[in-house]
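The chain contents come next:
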Amino acid sequence: MSETITPAPEIREALEPVACPLCGATRFRPRHRIMGYTIVDCRRCGITHVNPQPTDADLARFYETVFHTAGWYGRFPHLRDFDYFGRAAGDEAGHQSYVEVVRCQVPRGSWLDVGCGHGRLAEFARAAGYEAFGLDPNPLAVEAARRRLGAARVFEGTLEAAHLPADRFAVVSLVG
């Protein structure tokens, strides 16, 4: 049985408002709240994202000290034998249905999966005909995603540091 994993409490407390990661706008329309986070739509470009969100420093600390470390597996022992980077880490049906929902709105083009992890969602997007790319701050995730999508299609770091042109992608997903 799958367990919902919530962010560590120290990460949830360190949220900061951010400009739109795609166009830089600062006006948003709240969409809904989930697990203590607010999901918003940018009023200028329409991208949906979490805002406010954890700081880059807090996310880096989370990745270094919690995510897929001995501490992570101590906290979630049922995941210890799960090869996250070798198999699909998420619900394949969920990834597929997400791609189908997006496809109704944006039938083709290039797709950037921000926080791509192992690259599974981007792989589904590619299979649906999109030119798929991934971006993730975690070197282990980037390595796994590059095996799925190719080295030139996966960027390591943050959206800002990657210096990707805002108009390059028809779809920018931040679903994790």
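Residues numbered from 1 in each chain as written. Predicted model: local features only at pLDDT ≥ 70, side-chain atom pairs only at ≥ 80, totals over all residues. Heavy atoms only, no water.

Draft legend 1. Representation of the confidence of the model for the chain within the structure. With 70% of its residues at a pLDDT of 70 or more, the chain shows a mean pLDDT of 76. Confidence drops under pLDDT 50 across residues 1-8; counting only partners more than four residues distant or on other chains, this segment forms 16 contacts. (pLDDT = per-residue confidence, 0-100. Contact = heavy atoms within 4.5 Å.)

Draft legend 2. Looking closely at the sheet that holds strand 6 (residues 110-114). One open sheet holds the four strands; their spatial order is 8-7-6-9, and the pairing between them is parallel. The open sheet is flanked by strand 8 (154-156) and strand 9 (171-173), the only strands paired with a single partner. Recorded for the sheet is a direction-independent mean angle of 15 degrees between the axes of neighbouring strands. As paired elements, strand 7 (residues 131-136) and strand 8 share three bridges and run parallel to each other. Across the sheet, Gly134 pairs through a bridge with Val154, a residue of strand 8. (Pairing = 2+ DSSP bridges. Helix = DSSP H or I, 4+ residues; strand = E, 2+ residues; numbered from the N terminus. Axes fitted to C-alpha atoms, helices over the stretch in contact; angles between N-to-C directions.)

Draft legend 3. Region of interest: the sheet that holds strand 2 (residues 28-34). Here we have three strands laid out as an open sheet, ordered 2-3-4, and antiparallel in their pairing. Where the open sheet ends on each side, the last strands, each with one partner, are strand 2 and strand 4 (48-50). Sheet twist, expressed as the mean angle between neighbouring strand axes with direction ignored, is 30 degrees.

Draft legend 4. Highlighting unusual backbone geometry. The residue after Asn51, namely Pro52, is reached through a cis peptide bond having omega 0 degrees. You can see Pro52 is positioned in the loop between strand 4 and strand 5 (53-54). One non-glycine residue, His163, adopts positive backbone phi at about 50 degrees. Relative to the helices and strands, His163 resides in the loop between helix 7 (159-162) and strand 9.

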